[in-house]
Amino acid sequence: MQTFPASHCSRQTTKSMEAPCSPPTAGKFVVVGGGIAGVTCAEQLAINFPSEDILLITASPVIKAVTNFKQVSKVLEEFDVEEQPSTMLENRFPNIKVIESGVKQLKSKEHCVLTEDGNQHIYKKLCLCAGAKPKLICEGNPYVLGIRDTDSAQEFQKQLTKAKRIMIIGNGGIALELVYEIEGCEVIWVIKDKAIGNTFFDAGAAEFLTSKLIDEKPEAKIAQKRTRYTTEGRKKETQARASAGNVGSALGPDWHEGLDLKGTKEFSHKIHIETMCEVKKIYLQEEFRISEKKSLTFPRDHHDQSVTTDKEIWPVYVELTNEKIYGCDFIVSATGVTPNTEPFLCGNNFDVGEDGGLKVDDHMHTSLPDIYAAGDICTAAWHPSPVWQQVVLLGKYNAQGLGSNHELLLRCTKGQEYIKAVLQNGRMMGAVLIGETDLEETFENLILNQMNLSAYGEDLLDPNIDIEDYFD
Ligand SMILES: Cc1cc2nc3c(=O)[nH]c(=O)nc-3n(C[C@H](O)[C@H](O)[C@H](O)COP(=O)(O)OP(=O)(O)OC[C@H]3O[C@@H](n4cnc5c(N)ncnc54)[C@H](O)[C@@H]3O)c2cc1C
Ligand SMILES: NC(=O)C1=CN([C@@H]2O[C@H](COP(=O)(O)OP(=O)(O)OC[C@H]3O[C@@H](n4cnc5c(N)ncnc54)[C@H](OP(=O)(O)O)[C@@H]3O)[C@@H](O)[C@H]2O)C=CC1
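Residues numbered from 1 in each chain as written. Chains lettered and ligands numbered in written order. Predicted model: local features only at pLDDT ≥ 70, side-chain atom pairs only at ≥ 80, totals over all residues. Heavy atoms only, no water.

- Per an unreviewed UniProt entry, the recorded name for the protein chain is Pyridine nucleotide-disulfide oxidoreductase domain-containing protein 1, and the organism is Bos taurus.
- The UniProt entry for the protein chain carries this comment under Cofactor (unreviewed entry): "FAD". (UniProt positions renumbered as here; feature names shortened; annotations may be inferred.)

1. A word on the overall build of the protein chain
In step 1: Scanning the protein chain for helices and strands turns up eleven helices and 27 strands.
In step 2: Within the protein chain, the fraction of its 472 residues that count as buried is 45%.
In step 3: A separation threshold of at least 6 residues defines the contact pool for the protein chain, and within that pool the share at least 24 residues apart is 63%.
In step 4: When the accessible surface of the protein chain is split by element, carbon and sulfur atoms take 52% of a total near 25500 Å². (Helix = DSSP H or I, 4+ residues; strand = E, 2+ residues; numbered from the N terminus. Buried < 20%, exposed > 50% of the residue type's maximum accessible area, 1.4 Å probe, protein only. Contact = heavy atoms within 4.5 Å. Areas by Shrake-Rupley, 256 points an atom, 1.4 Å probe, with all protein chains shown as cover.)

2. Some points on the site of ligand 2
In step 1: As a structural note, the neighbourhood of ligand 2 is formed by 14 residues, with Asn-171, Ile-174, Glu-177, Lys-192 and Gly-336 the closest of them.
In step 2: Lys-192 has a polar side-chain atom sitting 3.1 Å from an oxygen atom of ligand 2.
In step 3: Ala-334 has a polar backbone atom sitting 3.4 Å from an oxygen atom of ligand 2.
In step 4: When isolated, ligand 2 has an accessible area of 900 Å², and the protein chains bury 61% of it.
In step 5: Split by residue class, the shell around ligand 2 holds five nonpolar, six polar and three charged. (Near = heavy atom within 4 Å. Polar contact = N/O pair within 3.5 Å; in protein donor to acceptor, adjacent residues only side chain to side chain. Nonpolar A, V, L, I, M, F, W, Y, C, P; charged D, E, K, R; others polar.)

3. With respect to the packing of aromatic side chains
Here the distance between the centres and the angle between the planes together describe a pair of aromatic rings.
In step 1: Enumeration over the complete set of coordinates arrives at two aromatic pairs.
In step 2: Between Phe-29 and Phe-49, the ring centres sit 5.1 Å apart and the planes meet at 45°, which makes this aromatic pair tilted. With Phe-29 in strand β2 (residues 28-32) and Phe-49 in the loop between α2 (36-48) and β3 (54-58), this pair connects stretches of sequence that are 20 residues apart.
In step 3: Judged by its relative accessible area of 9%, Phe-29 falls in the buried class.
In step 4: Summarising the aromatic geometry, the rings of Phe-156 and Phe-330 are spaced 6.0 Å apart at their centres and angled 80° between planes, so their arrangement reads as edge-to-face. Placement of the pair is Phe-156 in helix α4 (residues 150-160) and Phe-330 in strand β18 (residues 330-333), with a sequence separation of 174 residues.
In step 5: Take Phe-156: its relative accessible area is 0%, and that puts it in the buried class.
In step 6: Taking relative accessible area as the criterion, Phe-330 reaches 2% and is therefore assigned buried.
In step 7: One cation-aromatic arrangement involves Lys-124 over Phe-29; the distance from NZ or CZ to the ring centre is 5.6 Å.
In step 8: For the cation-ring pair, Lys-164 lies above Trp-314, with the distance from its terminal atom to the ring centre recorded as 5.9 Å. (Phe/Tyr/Trp six-rings, centres within 6.5 Å; stacked < 30°, edge-to-face > 60°. Lys NZ or Arg CZ within 6 Å of the ring centre and 35° of its normal.)

4. What about the pattern of salt bridges?
In step 1: Within this structure, the stated rule accounts for eleven salt bridges.
In step 2: With a closest N to O distance of 3.1 Å, Lys-324 and Glu-274 form a salt bridge. With Lys-324 in the loop between β16 (316-320) and β17 (325-328) and Glu-274 in strand β14 (residues 270-274), this pair connects stretches of sequence that are 50 residues apart.
In step 3: Beyond isolated ion pairs, a larger network of salt bridges with shared partners links Lys-280, Glu-319 and Glu-323. (Salt bridge = Lys/Arg side-chain N within 4 Å of Asp/Glu carboxyl O.)

5. Here we look at the sheet that holds strand β13 (residues 186-190)
In step 1: Spatial ordering of the open sheet is given by β11-β18-β12-β13-β14, a layout of five strands whose pairing is parallel. Across the chains shown, the open sheet's two edge strands, defined by having one partner strand only, are β11 (144-145) and β14.
In step 2: In this sheet, β13 lies alongside strand β12 (residues 165-169) in parallel orientation, the contact comprising five bridges. Bridge pairing links Ile-168 to Trp-189 in β13.
In step 3: Contacts from α4 reach β11, β12 and β18, with the element oriented near 150° to β18.
In step 4: Against the sheet, helix α5 (residues 173-181) contacts β12, β13, β14 and β18, and its axis sits at roughly 155° relative to β13. (Pairing = 2+ DSSP bridges. Axes fitted to C-alpha atoms, helices over the stretch in contact; angles between N-to-C directions.)

6. Concerning the sheet that holds strand β24 (residues 391-395)
In step 1: One open sheet accounts for four strands, arranged β24-β27-β26-β25; its pairing is antiparallel. The two strands at the open ends of the sheet, each matched to only one other strand, are β24 and β25 (407-413). The mean angle between the axes of side-by-side strands here comes to 10°, regardless of whether they run parallel or antiparallel.
In step 2: On top of the sheet, helix α10 (residues 440-449) reaches β24, β26 (417-424) and β27 (427-434); it is set at about 160° to β27, its chief contact.

7. Concerning a negative patch on the surface
In step 1: A cluster of like negative charges, contributed by Glu-436, Asp-438, Glu-440, Glu-441, Glu-444, Asp-466, Glu-468 and Asp-469, occupies part of the molecular surface.
In step 2: For the negative patch, the element with the highest residue contribution is α10, accounting for three residues.
In step 3: Looking at the secondary structure, you find Asp-469 in helix α11 (residues 467-470).
In step 4: According to the relative accessible area criterion, Asp-469 is exposed, its value standing at 53%. (Patch = residues over 30% accessible without salt bridge, like charges linked within 9 Å, V, L, I, M, F, W, Y side chains within 5 Å. Lys, Arg positive; Asp, Glu negative; His and termini not counted. Charge placed at Lys NZ, Arg CZ, Asp CG, Glu CD.)

8. Notes on the confidence of the model for the protein chain
In step 1: Per-residue confidence for the protein chain gives a mean pLDDT of 81; residues scoring 70 or more make up 77%.
In step 2: In the model, residues 219-245 has pLDDT below 50 throughout and makes 47 contacts with residues more than four positions away in sequence or in other chains.
In step 3: In the predicted assembly, ipTM is 0.97 and pTM is 0.78. (pLDDT = per-residue confidence, 0-100.)

Structural data, given as structure tokens:
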């Protein structure tokens, strides 16, 4: 079991631990972090304990709140996420008070947190929701960017406007979105795996998407259907925050809306994928030239003309483990996150998971008394449900905008599958597919071609009829 040993903490942090806290007599509920986890936690506490005071301490000037919440099914929920000034939260819940200040130290034995503004806050229960930060392939290199909050997204956009070629490392959520969104800039996409997006979909789907991405120019981008949050109009606020060295809340779906992700070139998309490799070494321009003068051998790719004929001088060069070297303007390290536990939690004996997150049980309780955690800072230490399945949502899966003029067909096999088809005037409008249903393609086709299904009635979901073959 891993814990935070005091030896991992800086001298400065250990020293500041000597500041005395008052005895834990009249504590409040204290929540740390103004991201979606912290705000949701504070709201739930405010609703369930209306006579208690709840203190939300956050390093960011705006908070993130859930709006338009709908329970779609037993496990599916639908909601929007909005950035709001903290006063909106205080107005909605008079028993919540928001303090804009970073927590610099937790003294769990004394039930006390110390904040950057010099104050201390005694808690009776504490929930830590300080999020995470990008886990970069290399720290302190100005040519290696991570994307997490509004500031880092704007910095990325700024660099992109001057770029001809960039390299993206990683095969997760951010990389997938970026390769699709970036225009007018060559992208070298480096992944450890055989296929793109293996965290989200299978190799077949990856192959399909890869050929779409590389061989065809994505036409007009698919229109966004959700409420969005954007980074426009926030420049002043984020500049102030950046100069204070504080971290903002994580972005979310539609994070690139309002950002013009365009490089210097006129073409739409130009993507080259390097699979099954990682970054071996990064050279700054000067280091690379010196290395060449020393006649270090840099293996070239004889098959890829874009590399062998590359006469351009680049600010940075990346040597991959497959021996290829690419020059580029900068690198995006979309290689996951590290929970935000240091330095403020140092000196407290939390059990932590392999990813560095605070281990929580199924009540979100950490290993220390009266301390809970939620969101990106924590690691679920319970056994995942055996019936958890990936979910596919198609079309108007919740009958959005259809009014009462629609019908639902359901098929449910406990623990295995849950299928809901939404029909209007005999035409399929949407579907929810949970489990290995193999119906996605058929249902998508039925939604797209709007075939009249009235004649089939409830037989459409009869498990004894192979509708996949039927509509092939
Ligand atoms: C580009 C991008 C796209 C994403 N897209 C999706 C998506 O489509 N779907 C999805 O489900 N997830 C997505 N995510 C992930 C999702 O945004 C996060 O999982 C989620 O926002 C985490 O919320 P959180 O509250 O735990 O942390 P955060 O949002 O990081 O909030 C942490 C809060 O703690 C504060 N804080 C940090 N340290 C301290 C301190 N010492 N003292 C006081 N306050 C502190 C910060 O200021 C911040 O307010 C995306 C993430 C990124 C970066
Ligand atoms: N739609 C969504 O749900 C989205 C969610 N997000 C979230 O935002 C956070 C940050 O996104 P992102 O950075 O994409 O993180 P992810 O965790 O989604 O993906 C990280 C990727 O980087 C790979 N990787 C890790 N280390 C290296 C390395 N040294 N060299 C090469 N590849 C490496 C990982 O491979 P491996 O797994 O094999 O280690 C994985 O493919 C995540 O929590 C993510 O879930 C972001 C965008 C959209």
